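Tertiary structure, described
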Amino acid sequence: WRGREGAPYSTLVPSDEVTINYRHGLPVITLTLPTRSERCRFTVKPMVTTVGAFLQDVQREDKGIERAEVFATDGSKVSDATLMEVLLMNDFKLVVNNTAYSVSPPAKEMLSSEHATEMEDIKSLVHRLFVALHLEDHQIRKERELLQKLDHLKEELLPLEQMKARITDRADAKTSRLLWVGLALMSTQGGALAWLTWWVYSWDIMEPVTYFITYGSAMAFYAYFVLTKQDYIYPDAKDRQFLHYFYQKCKKQHFNVERYNKLKEDLAEAEESLRRLRQPLHLRLPIQEINDKD
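What counts, and at which threshold
Residues numbered from 1 in each chain as written. Predicted model: local features only at pLDDT ≥ 70, side-chain atom pairs only at ≥ 80, totals over all residues. Heavy atoms only, no water. Buried < 20%, exposed > 50% of the residue type's maximum accessible area, 1.4 Å probe, protein only. Helix = DSSP H or I, 4+ residues; strand = E, 2+ residues; numbered from the N terminus. Pairing = 2+ DSSP bridges. Phe/Tyr/Trp six-rings, centres within 6.5 Å; stacked < 30°, edge-to-face > 60°. pLDDT = per-residue confidence, 0-100. Contact = heavy atoms within 4.5 Å. Core = buried A, V, L, I, M, F, W, Y, C linked by side-chain atoms within 4.5 Å. Salt bridge = Lys/Arg side-chain N within 4 Å of Asp/Glu carboxyl O. Axes fitted to C-alpha atoms, helices over the stretch in contact; angles between N-to-C directions. Expected span 1.5 Å × (residues − 1). Polar contact = N/O pair within 3.5 Å; in protein donor to acceptor, adjacent residues only side chain to side chain.

1. Describing the pairing of strand β5 (residues 68–72)
The element β5 is extensively covered by neighbouring structure, given that 5 of its 5 residues are classed as buried. Neither face of β5 is exposed, since Ala 68, Val 70 and Ala 72 on one face and Glu 69 and Phe 71 on the opposite face are all buried. Sheet analysis places β5 next to strand β6 (residues 92–96), joined by 5 bridges and oriented antiparallel. Following the sheet pairing, Val 70 is matched in β6 by Leu 94.

What follows is the structure, given as C-alpha cells:
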C-alpha cells in the first residue's frame with residue numbers, strides 16, 4: 001500500500017456493480033464498461049497478476065477509460081505493484097474515470113492445516129514453473145539491454161579516453177623532465193663541492209658546509225612529510241608529481257575527471273553484470289559452450 005491520498009471521484013456506486021466470484025479456483029471480476037455499458041469478466045491469477053496489470057487489462061478492453069485506480073477503504077492509493085492476492089483479502093474501491101465502485105471480495109473458505117500446506121506447496125511449485133518458463137526470455141532481454149548500455153558507454157568514453165591519453169602523455173613527459181632536472185642539479189652540487197674541496201678550499205673549510213647541506217636536505221624531507229603526511233619515497237613522490245601535472249592539464253583542457261570516472265564505473269558494473277548473466281550455472285550450459293558462444 002502507498003499512503004498517498006487519492007483524487008476525488010464523483011459517484012460512489014453500490015458493490016453489485018462490481019462482483020467477484022471464484023471459478024476453478026481463480027477470482028473472476030465482473031464490472032460494467034462505461035463506454036459500451038456492458039458487463040465484462042476479467043479472470044486474474046492472484047499469485048502473479050498485479051493491480052497495475054489488472055487495471056491495464058481493463059483500460060485495453062475499453063479505450064474510453066482514461067483513469068483506473070484502486071484505493072483502500074481509508075482512501076489511500078494501492079500501489080500498482082501490489083499482487084491481486086493481497087488486494088482481494090480486504091474491501092477496496094475501484095475508481096473508473098469519475099465513478100468509484102465499492103468492492104467486497106467474497107470470503108474464501110478456511111482450509112485445514114494439511115490442505116493449507118498442500119496449497120502453499122502448489123503455489124510455490126507454480127511460481128517456480130513460471131520463473132523457469134520465463135527465465136530464458138528475461139535473460140535474453142537483459143543481455144540485449146546490457147549490450148546496448150555497453151555500446152552507449154563506450155561511445156561516450158571514446159573521446160574522453162583519447163583526451164585522457166594525450167593529457168597522460170604530457171603529464172608523464174613533464175614528470176620525467178623534472179626527474180632529470182633533479183638528477184642534473186644533484187650532479188652539479190656534487191661537482192661543485194668536489195671542486196671547492198680539492199681545488200679552491202680544503203676539507204677543513206668545506207666540512208661544515210657539507211654538514212649544513214645535509215641538514216638542510218633532512219629538513220626538506222621532513223617538511224615534505226609534514227605537508228603530505230607521507231614518507232619521501234621516490235616512486236610515491238613521482239606519482240604525486242604526475243597527478244599534480246595531470247589535474248593541472250585537465251583543468252586547462254576542461255577534462256571532466258568526475259564524469260570520466262563515473263562512466264568507467266558504470267562500464268565496469270555493466271560488464272560485471274553481463275559476465276554474471278552469462279555464467280554457465282545461470283544459462284544451464286556447459287562451460288565449453290559458453291566459451292564458444294563468447
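2. Some details on the packing of aromatic side chains
Within this structure, the stated rule accounts for 7 aromatic pairs. With 6.0 Å between their ring centres and 90° between their planes, Phe 42 and Phe 54 make a pair best called edge-to-face. Taken as a pair, Phe 42 in strand β4 (residues 38–43) and Phe 54 in helix α1 (residues 51–61) lie far apart in primary sequence, 12 residues in all. You can call Phe 54 buried: its relative accessible area is 4%. Taken together, a centroid distance of 5.7 Å and an interplanar angle of 50° make the contact between Phe 255 and Tyr 260 tilted. Considered together, Phe 255 and Tyr 260 belong to a single accessibility category, that of buried residues. An aromatic cluster is built from Tyr 211, Phe 212 and Tyr 215, whose rings are joined through pairwise contacts.

3. What to know about the confidence of the model for the chain
Confidence in the prediction for the chain averages 78 pLDDT; 80% of positions are at 70 or higher. Across the chain, the element-wise mean pLDDT spans from 46 in helix α8 (residues 287–293) up to 89 in β5. Per-residue pLDDT stays below 50 along residues 1–15; that stretch engages in 37 contacts with residues further than four places along the chain or on separate chains. In this model, residues 287–294 is a region of pLDDT below 50 whose contacts with residues beyond four sequence positions or in other chains number 6 contacts.

4. Considering the nonpolar core
Formed by 24 residues in total, the largest nonpolar core has its most connected members in Leu 31, Phe 54, Val 70, Phe 92 and Leu 94. The dominant element in this core, judged by the number of residues it contributes, is α1, at 4 residues. Beyond its immediate chain neighbours, meaning those up to four positions away, Val 70 contacts Val 51, Leu 55, Lys 77, Val 78, Leu 87, Phe 92, Lys 93 and Leu 94. Leu 150, Leu 157, Tyr 260 and Leu 277 belong to the second largest nonpolar core, which has 19 residues in total.

5. Some remarks on the environment of Tyr 232
Its place among the elements puts Tyr 232 in the loop between α4 (203–228) and α5 (234–253). Along the backbone, Tyr 232 and Tyr 222 are 10 residues apart, and their C-alpha atoms lie at a distance of 8.4 Å. Sequence-distant contacts of Tyr 232, defined by excluding residues within four places in its chain, comprise Phe 221, Tyr 224 and Ala 237.

6. Focus: the pattern of salt bridges
Here the idea is simple: oppositely charged side chains can pair when their charged atoms come close. A full pass over the atoms with the stated rule returns 7 salt bridges. Note that Asp 80 and Lys 77 form a salt bridge whose closest N and O atoms lie 3.8 Å from each other. Residue Asp 80 is classed as partly exposed on the basis of its relative accessible area of 39%. Put simply, Glu 161 and Lys 264 hold a salt bridge, and the shortest N to O gap is 3.3 Å. Of this pair, Glu 161 sits in helix α3 (residues 113–200) while Lys 264 sits in helix α6 (residues 257–277), and the two are 103 residues apart along the sequence.

7. Details of the sheet that holds strand β2 (residues 19–23)
Across the sheet, which stays open at both edges, the 3 strands sit in the order β2-β3-β4 with antiparallel pairing between neighbours. The open sheet terminates on both sides in strands that have one partner only, identified here as β2 and β4. The sheet shows a mean angle of 30° between the axes of neighbouring strands, taken without regard to direction. Inspection of the sheet shows β2 paired to strand β3 (residues 26–33) by 5 bridges, in the antiparallel sense. The residue of β3 that forms the bridge with Arg 23 is Leu 26.

8. Concerning α6
The end-to-end C-alpha separation of α6 is 30 Å, in line with the 30 Å expected for 21 residues at 1.5 Å each. For α6, every residue scored as buried is listed here: Val 257, Tyr 260, Leu 263, Asp 266, Leu 267, Ala 270, Leu 274 and Leu 277. The opening residue of α6, the one whose side-chain oxygen lies 3.3 Å from the backbone nitrogen of Glu 258, is Asn 256.

9. Notes on the environment of Thr 188
Within the secondary structure, Thr 188 is located in helix α3. Look at Thr 188 and you get exposed, because its relative accessible area is 53%. Of note is the side chain of Thr 188, whose polar atom sits 2.8 Å from the backbone oxygen of Ala 184.

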